[in-house]
Structures are given as structure tokens and as C-alpha cells.
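# Report on the structure
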Amino acid sequence: MRPLLEFVVRLLVYNGVPDMVFLVGYKADEIERFFGDGGRLGARVSYSKDPEGVSGSAHALMHAIADGKFGRFDEIIVYYGDVLSALDVRAVLNKHRSSRADMTLVLSRNYVVPVGVAEVSDDRVFGFHEKPNLGLDVTMGCLVISSSCVPTLKEVTLEESKRDIMTHLVPRVIQKGMK
């Protein structure tokens, strides 16, 4: 049995993104033991362990940036390790670059709600749809962040000890009117 993260690594390598920084906290030792330097998968993997006293993906990313794990960069692809897709990562990067965006979110309208949805009025169910596709633009656990977002990321992580990319950084970038 293979971990889901192995499929993510293979997808990124296939799309020409062999250099990866794993932001690890929970089960960090197991992840590091399994993937090592990434060589057997054609990747170059390094690790950034969550800092003490804070949690959340925004803190983990800011810590890795501040620690120099990415070196100098124009953009970073953030791909959550628990998302399986056949994403054309090259196309996402090309779109991000050609639009000169500060941040590019990967969205899908093909997300099927994993539960049934009931229509209710006056405590009575008058309709029911099993696992519907609501036609909403939902995030797919992947985004590209330009270096122009780093000051906003830093600002977000200075506010509280638990800050996440999707919950806190993305809305702040939008609020600031960044592209």
C-alpha cells in the first residue's frame, strides 16, 4: 500500500516540479523515513518541521520561507498532501505567470458533495438529492503563491498562533485587492 502523498510527489515530478519542501508536523518522522531525499521517486525533497507553539499551514509555510527552505523564489506551488488529482501543474503555473497574479487558486466545479442533501421546510423534508454536484467553485488544495504574497503571509502569521493558508491568507490577499 502506498501513501497518498506518494501520488502527489509523482504528479509533481511528472509535471516538471521535482524540488519539494514538505511542511511536516504530524507523523513527521514517518514521512521523512518513507520519502527520504525523494530520489527514488525522481524528486528532491527537503523538510520543514512545524515550529513550536504555533500551528496551521500559514505558520508552516512562513517558517519554511523564513528558514530559507525555498531559497530565492518567484512563486511557490502549495499542494496539500491529502488531495488526489490529475492536475496539469504546468498549465496552472503557466496561467499564474501569464496573468501576473499574486496568487492563483485551483478550483473545480466538478466536486460532488459526499453526503445527501435534504430540502427542508417547516421540519419536513420535501426533497432529497444523494451526493449532488452543487456547481460551486471549490478549492482543490492547490495554489500558487507569488513572492509578492510573503509580506501578507507574515502579517497573517503574526496575528495568532493558529493560522491557515486557505482560512486566513487567501481571504487577506483578496481583501487587500491583490491579483
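Values in this document were obtained by computation on a predicted structure and should not be read as measured data. (Residues numbered from 1 in each chain as written. Predicted model: local features only at pLDDT ≥ 70, side-chain atom pairs only at ≥ 80, totals over all residues. Heavy atoms only, no water.)

## What to know about the overall build of the protein
Along its length, the protein carries six helices and seven strands. Going from N to C terminus, the protein has its helices and strands arranged as α-β-α-β-α-β-α-β-β-β-β-α-α. Residues classed as buried in the protein amount to 39% of the 179 residues present. A fraction of 64% describes how many contacts in the protein between residues 6 or more apart in sequence connect residues 24 or more apart. Element-wise, carbon and sulfur atoms account for 53% of the exposed surface of the protein, whose accessible area totals about 10,900 Å². Averaging the coordinates of the 22 positive side-chain charges in the protein and doing the same for the 23 negative ones gives two points 6 Å apart. (Helix = DSSP H or I, 4+ residues; strand = E, 2+ residues; numbered from the N terminus. Buried < 20%, exposed > 50% of the residue type's maximum accessible area, 1.4 Å probe, protein only. Contact = heavy atoms within 4.5 Å. Areas by Shrake-Rupley, 256 points an atom, 1.4 Å probe, with all protein chains shown as cover. Lys, Arg positive; Asp, Glu negative; His and termini not counted. Charge placed at Lys NZ, Arg CZ, Asp CG, Glu CD.)

## Focus: the environment of Leu 84
Mapped onto the elements of the fold, Leu 84 is located in the loop between β3 (75–79) and α4 (89–98). The class for Leu 84 is exposed, based on a relative accessible area of 57%. A C-alpha to C-alpha distance of 18 Å links Leu 84 and Phe 35, two positions 49 residues apart in sequence. Among all residues touching Leu 84, those that are not within four sequence positions of it are Leu 4, Phe 7 and Tyr 79.

## Quick notes on the packing of aromatic side chains
In this description, a pair of aromatic rings is defined by centroid distance and the angle of the planes. Following the criterion strictly, the structure yields four aromatic pairs and no others. Geometrically, the ring pair formed by Phe 22 and Phe 35 is edge-to-face, given 5.3 Å between the ring centres and 80° between the ring planes. Note that Phe 22 is positioned in strand β1 (residues 19–24) and Phe 35 in helix α2 (residues 28–35), a separation of 13 residues in sequence. On the basis of relative accessible area, Phe 22 is assigned to the buried category, the value being 9%. Between the aromatic rings of Phe 22 and Tyr 47, the centroid separation amounts to 5.6 Å while the plane-to-plane angle is 85°, which identifies the pairing as edge-to-face. Of the two residues, Phe 22 is situated in strand β1 and Tyr 47 in strand β2 (residues 44–49); the sequence distance between them amounts to 25 residues. Each of the two residues, Phe 22 as well as Tyr 47, counts as buried. Members of the aromatic cluster, connected to one another through ring pairs, are Phe 22, Phe 34, Phe 35 and Tyr 47. (Phe/Tyr/Trp six-rings, centres within 6.5 Å; stacked < 30°, edge-to-face > 60°.)

## Re the nonpolar core
Judged by nonpolar contacts, the single largest core of 24 residues is most densely connected at Val 9, Met 20, Phe 22, Phe 35, Tyr 79, Leu 87 and Val 89. Elements that contribute at least two residues to this core include exactly α1 (4–14), β1, α2, β2, α4 and β7 (138–146). Beyond its immediate stretch of four places on either side in the chain, Met 20 contacts Val 9, Leu 12, Val 13, Ala 43, Arg 44, Val 45 and Ser 46. Membership of the second largest hydrophobic core comes to 18 residues, among which are Phe 73, Leu 143, Leu 169 and Val 170. (Core = buried A, V, L, I, M, F, W, Y, C linked by side-chain atoms within 4.5 Å.)

## So, helix α5 (residues 150–157)
When α5 is considered as a whole, its buried residues turn out to be Val 150, Thr 152, Leu 153, Val 156 and Thr 157. Taken end-on, α5 shows its buried residues confined to a sector of 160°, consistent with a single buried face. Contacts from the buried residues of α5 go to α3 (57–66), β7 and α6 (165–175). (Arc of directions from axis to C-beta.)

## Quick look at the pairing of strand β5 (residues 117–121)
Sheet topology places β5 next to strand β6 (residues 124–129); five bridges connect them, and they run antiparallel. Paired with Ala 118 across the strands is Phe 128, a residue of β6. Taking the residues between adjacent antiparallel strands as the criterion, β5 and β6 are bridged by two residues, where Asp 122 takes a positive phi near 50°. (Pairing = 2+ DSSP bridges.)

## A look at the environment of Ser 108
Residue placement: Ser 108 occurs in strand β4 (residues 103–108). On the accessibility criterion, Ser 108 (16% relative accessible area) is buried. Residues Ser 108 and Gly 135, spaced 27 residues apart in sequence, show a C-alpha to C-alpha distance of 8.8 Å. With sequence-adjacent residues up to four places away left out, Ser 108 is seen in contact with Leu 136, Asp 137, Val 138 and Met 140. Side-chain polar atoms of Ser 108 contact the backbone nitrogen of Asn 110, separated by 3.0 Å. (Polar contact = N/O pair within 3.5 Å; in protein donor to acceptor, adjacent residues only side chain to side chain.)

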